[in-house]
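Read off the chains here:
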Amino acid sequence: DQQVKQNSPSLSVQEGRISILNCDYTNSMFDYFLWYKKYPAEGPTFLISISSIKDKNEDGRFTVFLNKSAKHLSLHIVPSQPGDSAVYFCAAMTTDSWGKLQFGAGTQVVVTP
Amino acid sequence: GAVVSQHPSRVICKSGTSVKIECRSLDFQATTMFWYRQFPKQSLMLMATSNEGSKATYEQGVEKDKFLINHASLTLSTLTVTSAHPEDSSFYICSASGGLRRALSYNEQFFGPGTRLTVL
C-alpha cells in the first residue's frame, strides 16, 4: 500500500524557469515531510523538510509547501539550473517512528538549456 | 554532511549463494541504520531498522531469515541476502543516523550510494 505518491514520473523544465514537483500522501499520522535528490548510482541527499505545523519552508532556491487538508505537498525550485537534473523523492514520517521514512516513487527532473 | 559508504557497489552472483553488503558510517557514530531496497522506477522500500547491539526490526513482508542484518558496531551494519534468487535482484541502500542528534533534526539521516545486486 503506497502511502506516499508522486504521480508525475518525469518533468522537463527550461533553465531559469520554475520546477514544481508534487507529492500526495494518504496517512494522516505523517507529521514530517522531506524531499531528497538522487543522482544515478548515488544515495539520496537531503534537500529540505517541513513539519506539519507549518505550511511553507524556504531554503534558497527551494521552497516546500504543505497543504494538510488536501494531504498534498509540493517542492518549488526557482530558478531551475542544469545541476538540478536528478530524481527527486518525497518522503514522509511520523515523529515517533525514529526516522522510518516512507518514500514516493520519485520524479525525474530534466532541466534543459 | 556525514559520509556513509557501502560495499560492494555492484555484485553479481549465482542463484543459491549468499551475498553480504556492508554499510559504514565513516565520520560519525550511527546508532541506527536503515536498509532499503529499490526496484526500477519504484520508490525506496524500507526493509528493516537496525540498532547497534540489538536485533533488527523488520518491516511487514520482509523475511528476516532471508535478509540477515547485523549491527555489531556504531559504524558498521551488514545485510546478508541468504540463498539469493533472481527475484532478489534489486538496488539496496542503507542510511545511518547518529543517536545524539537524532531527536533534534530529522534530516540527520545520511544515505549510502547503494549496492546493485544481480542474481543470475
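Each chain has its residues counted from 1, following the order in which its sequence is written. Here chains are named by letter from A upward and ligands by number from 1 upward, in the order in which they appear as written. Totals for whole chains, interfaces and linings use every residue, but because this is a predicted model, local features are given only for residues with pLDDT of at least 70 and side-chain atom pairs only at 80 or more, for both listing and counting. To get the side-chain values, take all heavy atoms of the structure and skip hydrogens and water.

Asks: Teacher, can you tell me more about the environment of B:V11 here?
Replies: All names here are of chain B. In this structure, V11 sits in strand 2 (residues 10-13). The spacing of V11 and S89 is 78 residues in sequence and 9.8 Å in space, taken between C-alpha atoms. For V11, the contacting residues outside a window of four places in its chain are V19, T115, R116, L117 and T118. The helix and strand labels rest on DSSP assignments: H or I over at least four residues marks a helix, E over at least two residues marks a strand, and numbering proceeds from the N terminus. The contact definition used throughout considers only heavy atoms, calling two residues in contact when any of these lie within 4.5 Å.

Asks: When you look at the side chain of B:T49 in this model, what are you seeing that I'm missing?
Replies: Mapped onto the elements, B:T49 comes out in strand 5 (residues 44-51). The buried label goes to any residue with under 20% of its type's maximum accessible area, the exposed label to any with over 50%, and the partly exposed label to all in between, with areas taken from a 1.4 Å probe on protein chains only. B:T49 sits in the buried class, given a relative accessible area of 7%. Those residues within four positions of B:T49 in sequence are excluded, and the remaining contacts are A:K100, B:T32, B:M33, B:F34, B:A56 and B:T57.

Asks: Explain the state of the cysteines to me, please; I cannot follow it from the model alone.
Replies: Note on terminology: a disulfide is the covalent bond linking the sulfur atoms of two cysteines. Residues and elements named next belong to chain A. Put simply, a disulfide is two cysteine sulfurs that come within 2.5 Å. The tally for this structure, following the rule as stated, stands at two disulfides over all chains. Disulfide pairing places C23 opposite C90 at an S-S distance of 2.0 Å. Given an S-S torsion of about -70°, the disulfide between C23 and C90 has left-handed geometry. Taken together, the residues span a long stretch of sequence, with C23 in strand 3 (residues 19-25) and C90 in strand 9 (residues 86-93) at a distance of 67 residues.

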